[in-house]
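# Topology and contacts: notes
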Amino acid sequence: MSAVMIWIIAVLAYAAFWFWYVGFQKKVTPQEVAATMCIFEHDDTWTATQKEHLRKFLLDDDGKDFVMVNLLHLKSPKKESLEKLNTYQKIFLGSLLRKAGHPVMIARAASGNVENVACDHADDWSVAGMIRYRSRRDLMNILPATIGSEHHGLKLESLEKTFAFPASPWFMFGGPRIVVALGIALLASVLHITTAL
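What counts, and at which threshold
- Residues numbered from 1 in each chain as written.
- Predicted model: local features only at pLDDT ≥ 70, side-chain atom pairs only at ≥ 80, totals over all residues.
- Heavy atoms only, no water.
- Core = buried A, V, L, I, M, F, W, Y, C linked by side-chain atoms within 4.5 Å.
- Buried < 20%, exposed > 50% of the residue type's maximum accessible area, 1.4 Å probe, protein only.
- Helix = DSSP H or I, 4+ residues; strand = E, 2+ residues; numbered from the N terminus.
- Contact = heavy atoms within 4.5 Å.
- Arc of directions from axis to C-beta.
- Axes fitted to C-alpha atoms, helices over the stretch in contact; angles between N-to-C directions.
- Parallel < 35°, antiparallel > 145°, perpendicular 65-115°, else oblique.
- Left-handed = near helix turned anticlockwise from the far one by under 90°.
- Nonpolar A, V, L, I, M, F, W, Y, C, P; charged D, E, K, R; others polar.

## Focus on the nonpolar core
In this structure, L54, L58, Y133 and L139 are the most contacted members of the largest nonpolar core, which totals 25 residues. Listing elements by their share of this core, those giving two or more residues are helix 2 (30-37), helix 3 (48-59), strand 1 (66-74), helix 4 (78-97), strand 3 (127-133) and helix 5 (136-146). With 5 residues, helix 4 is the largest single contributor of residues to this core. If we ignore the near neighbours within four places in the chain, the residues touching L139 are L54, F57, L58, F66, M68 and Y133.

Right, dumping it as structure tokens:
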């Protein structure tokens, strides 16, 4: 294989990855948002304020990725609750991964709060996490299969309390875009050198 062909294949491989990971989806429409919000009509776990926050977030679609920031407090016994939460995550994150979504950070609390500012009743968090979504459209596609589902019930059964909010724009050093680019470039370089010998 010629050196030119190696690098052409490398560029095409990264372009395919970019198309999947970043995507070129259209922004959501008000009609699509209204249809999505219908799934919450009979859901008592979301307050009217929370539903309005979600609706506004979807309507403000910028076409870019975002992260969902989560804090969770597990019920006792925590071992059983963690097992239920892990079962939920395997199903939910499996469907999310197919849409290029993935955890950015997941960590278990090593102690109680070491700083509270005007939030004295916000202690006892067990787990913190940040989940990357490729787009708000992807979130809209995942919600109908999640809200009210059996695996979502496992999540609710495992938690004493939780809160989550979307964050955008966001930034992280490294990440799949850079790691995959470097990996493909390294492989192409090795093949280039090998064919030149």
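## A few points about helix 2
What helix 2 keeps buried is the set V33, T36 and M37. Seen from one end, helix 2 has its buried residues packed into an arc of 95°, which puts them on one side. For helix 2, the secondary structure elements touched by its buried residues are helix 3 and helix 5.

## Regarding the packing of helix 1 (residues 3-21) against helix 7 (residues 176-196)
Interhelical geometry of helix 1 versus helix 7 gives an angle of 165° and a closest axis separation of 9 Å. Judged by the angle between their axes, helix 1 and helix 7 are roughly antiparallel. Considering the relative orientation of helix 1 and helix 7, their crossing is right-handed. Taken together, the residues of helix 7 that come into contact with helix 1 (itself represented by A3, I6, W7, A10, A13, Y14, F17, W18 and Y21) are P176, R177, V180, A181, I184, A185, A188, S189, L191, H192 and T195. Looking at side-chain class alone, the contact of helix 1 with helix 7 contains 16 nonpolar, 3 polar and 1 charged residues.

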